[in-house]
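Here's the letter readout for the chains.
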Amino acid sequence: MRAFPVIIIWIKETLPLGLGDGQLFTWTDGLKRKDWHDYESIQKDAMRSGKGEHGKPYPLTEEDHDDSAYRENGFNIFVSNNIALERSLPDIRHPNCKHKVYLETLPNTSIIIPFHNEGWTSLLRTIHSIINRTPDSLIAEIILVDDFSDREHLKEKLEEYMVRFAKVRIVRTKKREGLIRTRLLGASLARGEVLTFLDSHCEVNVNWLPPLLNQIALNHKTIVCPMIDVIDHNHFGYEAQAGDAMRGAFDWEMYYKRIPIPPELQRADPSDPFESPVMAGGLFAVNRKWFWELGGYDPGLEIWGGEQYEISFKVWMCGGGMYDVPCSRVGHIYRKYVPYKVPSGTSLARIRNVAANLCVDSKHGATGTELRLDICVKDGSERTWSHEQLFTFGWREDIRPGEPLHTRKFCFDAISHSSPVTLYDCHGMKGNQHWSYRKDKTLFHPVSSSCIDCNPAEKKIFMNRCDPLSETQQWIFEHINMTVLEKFNSKASS
Ligand code: UDP
Ligand code: MN
C-alpha cells in the first residue's frame, strides 16, 4: 500500500533547501520518516576543486591515452591515479529527490564488494565514496572479498590501508571462484539485515543508500537497484547512461537490454521507484534472509554474466518484486575490455589454419562481409577481448566472433558448397549457420555437406568439397576446452 505525506507540502514551501535536518514526518501509514541527506558532506563536496572534481572529465594528453594505461584494468588507471580518492560528484538526480523523506528506522546493510585484481586507486575510491556518502548508522560492515587476486597491492598493503576504516573486513577466496561464488562468500559471512552488492570500481553518489533500504523496509521481498551511472573509462567523467531510467530486459538469445518505459506505465513522479523485469546485474540490495530464502545464487555460475536472470526470475517466481530507484545513483566504470583471464572452458579462442599458420580474423567484420585470414594476434598480455580473433561456438551450433559473454550477433554463414564464408546476422535456425568441428580438424557445414577451406596466399576463406587430408582444410582451435567442443559436436558426424 502506498503511503501519503500529511504535511509535506507545507514543509516544501517553507524550507526550499530540503526538509530540514532531523525533522520527522508522520505519514498516513503511521511510520515516521525523515530527511536522510547529509548536508555537511554535501557542503564539503561542493567546496572541492581540482582535476576530475564534480565528476568532470580529466583533461587527457596524448600520452595519458597510451594503451599501457588500460592494459591491467581495462580503464585508464593513470587518470584514476591522478584524481582525488574523495573526489566530488555532480548531483544528477531528478530534482524531486532532494525533497524525499525515508523511514526514520531503516535496516542496516553489509556492503559486499568482490574484486579480482582491481586497480589500487579505483578500489580505494569505491571505499572512500561509500564512507563519505553513507550514513554510518546504516553500514553494518563493508566486506571486501578478494577473488584470488595476484597483484601485490591487494595483499598486505590493502590490509594496512583498511585499518583506518573500522567497518571494513577483507576476506579472500582460496582459489579463483569467479564473481558469483565470490559474492556468495561475502554474503555467507555478512551480518547486516540487508546485503548490498557493488563492483570494486564504483563511486556512490549523494544519499544513495536510504532510498534503497527504504524500499526493502516497506516490503522485504524486494530487490532494489540504483541507477547505474557511467564513469568514462578514458577520462573518468561522470554521467547518466544514455536514456537514463529504463527497464531491464532481454531478447530471445538472453542478451541483456535496456528498454524505455512506455508512457502509459510512467509514474506521475519520475523520481519514484519503478518495476523492472530483470536487473542489470552488479549493483543491488536485498534483504539478507530473503536472499537465502531465494536460495542465493546458483553456485555453479562461472565468472559472470547470466546471474541477473537467475536471481531476477527467482524474485518474480517467489512473489517478490524488483525496483529501480531513480533517487539512488551509483557510478560504475564500464571497461574498454575485460583485462583478466577467464579460465578455459568458458571461452574459445583463435581458429588457426594448419597450412597457412594464419588465424581467422573478423577485424572489419560487419554483417555481409567475408571472413579473412590474418596473422595470429599474440597471446598473453596483448591478448585482449577487443581483438577480433576470438570465436565462440554458440549453443545453437553456430560460430560467432567474441568470447561467450560478449559475442557479436554475427555468425559464420555460407550459402553453398563453393561460396565464401561470410559474417551474417545470426538467425539461430541452423541451416546456413550450422557448423561442426570434426576430429579430422575440418570445419563441416552439414547443410551443404562441405568444409571450410582457405587460400593462404590471398588470405581468403571459402567453402569446398571436404578433403580432410588437405591442410588448408585443417583448423586448430587454440585454448579450447575439449569438453566444450565435444558438447558442441555431440550430434555431429565425424
Ligand atoms: N570479479 C571477481 N572475480 C572474477 C571476475 C570479476 O571477483 O573472476 C569482480 C570484479 O572485480 C568486479 C565484479 O566482480 O568487482 C564484476 O566484474 P567486472 O567489473 O569485471 O564486470 P563488468 O562490470 O565489466 O561487467
Ligand atoms: Mn564492473
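Scroll up to find the structure.
Thresholds, definitions, all that
- Residues numbered from 1 in each chain as written.
- Chains lettered and ligands numbered in written order.
- Predicted model: local features only at pLDDT ≥ 70, side-chain atom pairs only at ≥ 80, totals over all residues.
- Heavy atoms only, no water.
- Donors = N, O, S within 2.8 Å, 3.2 Å for Na, K, Ca; no water.
- Helix = DSSP H or I, 4+ residues; strand = E, 2+ residues; numbered from the N terminus.
- Buried < 20%, exposed > 50% of the residue type's maximum accessible area, 1.4 Å probe, protein only.
- Core = buried A, V, L, I, M, F, W, Y, C linked by side-chain atoms within 4.5 Å.
- Contact = heavy atoms within 4.5 Å.
- Phe/Tyr/Trp six-rings, centres within 6.5 Å; stacked < 30°, edge-to-face > 60°.
- Disulfide = S-S within 2.5 Å.
- Pairing = 2+ DSSP bridges.
- Polar contact = N/O pair within 3.5 Å; in protein donor to acceptor, adjacent residues only side chain to side chain.

1. Comments concerning the coordination of the manganese ion (ligand 2)
At 2.0 to 2.3 Å from the manganese ion (ligand 2) lie its protein donor atoms, namely D199 (OD), H201 (NE2) and H332 (NE2). Read in sequence order, the donor residues coordinating the manganese ion (ligand 2) give the pattern D-x1-H-x130-H. One end of the pair, D199, is in the loop between strand 7 (194-197) and strand 8 (202-204); the other, H332, is in strand 15 (residues 321-333), and 133 residues separate them in sequence. Note on D199: relative accessible area 17%, which makes it buried.

2. Topic: the nonpolar core
By size, the foremost hydrophobic cluster in this structure holds 40 residues, and its most contacted members are I142, L144, L158, M162 and L198. The greatest single-element share of this core, amounting to 5 residues, is contributed by helix 5 (residues 120-133). When residues no more than four places from it in sequence are discounted, the contact partners of L198 are I111, I112, I113, P114, I130, V204, W208, G282, L283 and V330. Counting residues in hydrophobic clusters, the runner-up holds 24 residues, among them L179, F197, M279 and W290.

3. A few points about unusual backbone geometry
Glycine aside, residues mostly have negative phi, and peptide bonds are mostly found in the trans state. If you check the backbone angles, N207 has positive phi at about 50° while not being a glycine. Within the element layout of this structure, N207 appears in the loop between strand 8 and helix 8 (209-218). Judged by relative accessible area, N207 falls into the buried class, the value being 7%. One non-glycine residue with positive phi stands out, namely N357, at about 55°.

4. Topic: the packing of aromatic side chains
Two aromatic rings, taken as a pair, are described by how far apart their centres are and by the angle between their planes. For the structure on display, the rule yields 14 aromatic pairs. Ring geometry for F197 versus F291: centroids 5.8 Å apart, planes at 50°, classification tilted. Of the two residues, F197 sits in strand 7 while F291 sits in helix 9 (residues 288-293), which places them 94 residues apart along the sequence. Summarising the burial analysis for this pair, F197 and F291 share the class buried.

5. Some details on the state of the cysteines
By the definition in use, this model includes 4 disulfides. Across a sulfur-sulfur distance of 2.1 Å, C359 and C376 are joined as a disulfide pair. An S-S torsion of about 95° defines the bridge between C359 and C376 as right-handed. Pair noted here: C359 is in strand 17 (residues 359-361) and C376 is in the loop between strand 18 (372-374) and strand 19 (391-393), with a separation of 17 residues, a long-range link. Relative accessible area serves as the criterion here: at 0%, C359 is assigned to the buried category. Residue class for C376 comes out buried when judged on its relative accessible area of 19%. Residue C411 pairs covalently with C426 via a disulfide, S to S 2.2 Å. Disulfide C411-C426: torsion about the S-S bond near 105°, hence right-handed.

6. A look at the pairing of strand 12 (residues 256-260)
As judged from the 5 bridges shared by strand 11 (residues 246-250) and strand 12, these two strands associate in the antiparallel manner. Each residue of the ladder has a partner; that of M246, found in strand 12, is P260. Hairpin remark: strand 11 followed by strand 12, antiparallel, with 5 residues in the connecting loop; positive phi at M254, about 70°.

7. Focus: the side chain of T109
For T109, the location among the structural elements is in strand 4 (residues 109-115). Note on T109: relative accessible area 0%, which makes it buried. Engagement of the side chain of T109 in a polar contact is seen with the backbone oxygen of V194, the distance being 2.9 Å. Setting aside residues no more than four positions away along its own chain, T109 makes contact with L138, I139, A140, E141, G192, V194, L195, T196, L209 and L213.

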